[in-house]
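The residues making up each chain are set out below.
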Amino acid sequence: MINLGTFSLGELGGEVPREPVPSTESESARKRADPDKRKALAALIEESVSLSRRLQSAVDEVHGGEAPSGGRRALLRDLARLGPQTVPQLARGKKVTRQHVQALVNPLVEAGYVELLANPAHSRSRLVGLTERGRELISEMDRRERELLSALGVAEPGAEMRRAADVLRSVRATLESR
């Protein structure tokens, strides 16, 4: 069961007694009090978690043993998108510890996918940057994943998928702002 602070998924999806909402409550309080909305949110989160696990499994299958683990792939993609970063910057961006990021970086350095660069802003905190080999790996990963997505043949229109992405983004942003 996923804990969302004051609610768990079980509580969100369970039966909630319907009580009239006083008109003096804020819009935010009314939204939290709506049992149908809580059930819909619980279903959305449960499906998102299931989809995330299945996607991770599918991506692992597509890459076989040729690509780094999911966490290392995500770190490589962050470096491709953001450019060289320090370990603390990468950790802040993912809301994880520096030690966790360092444990991802070390094997990537050993494999030649990233390198540690001089940091003009800080003499002791080096920048982690992609090597040419790392850029080639990302390019190959992207190609394989595009093929996977193309083969899915999802029937929903693009506008509907963009709306779904907007809803998920909104839920994520709300959780991140807490």
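For the structure, see preceding data.
Being a predicted model, the structure only gives us computed values, none of them experimental.

Draft legend 1. View of the pattern of salt bridges. Counted according to the given criterion, the structure contains 12 salt bridges. Note that Glu-61 and Arg-54 form a salt bridge whose closest N and O atoms lie 3.7 Å from each other. Its salt-bridge partner being Arg-143, residue Glu-147 comes within 2.5 Å of it at the nearest N-O pair. One end of the pair is Glu-147 and the other is Arg-143, both in helix α7 (residues 132-152) and four residues apart, which spans about a single turn. A single network of salt bridges, built from pairs that share partners, joins Glu-140, Arg-143, Arg-144 and Glu-147.

Draft legend 2. Here's a closer look at helix α6 (residues 98-110). Compared with an ideal rise of 1.5 Å per residue, which puts 13 residues at 18 Å, α6 spans 18 Å between its outermost C-alpha atoms and is within 8% of the ideal. Regarding α6, the residues found buried are Val-101, Leu-104, Val-105 and Leu-108. Down the axis of α6, the sector holding all buried residues measures 100 degrees, keeping them to one side. Structural note: α6 exposes Gln-99 and Glu-110 on the side pointing more than 90 degrees away from its buried face.

Criteria and cut-off values
Residues numbered from 1 in each chain as written. Predicted model: local features only at pLDDT ≥ 70, side-chain atom pairs only at ≥ 80, totals over all residues. Heavy atoms only, no water. Salt bridge = Lys/Arg side-chain N within 4 Å of Asp/Glu carboxyl O. Helix = DSSP H or I, 4+ residues; strand = E, 2+ residues; numbered from the N terminus. Expected span 1.5 Å × (residues − 1). Buried < 20%, exposed > 50% of the residue type's maximum accessible area, 1.4 Å probe, protein only. Arc of directions from axis to C-beta.

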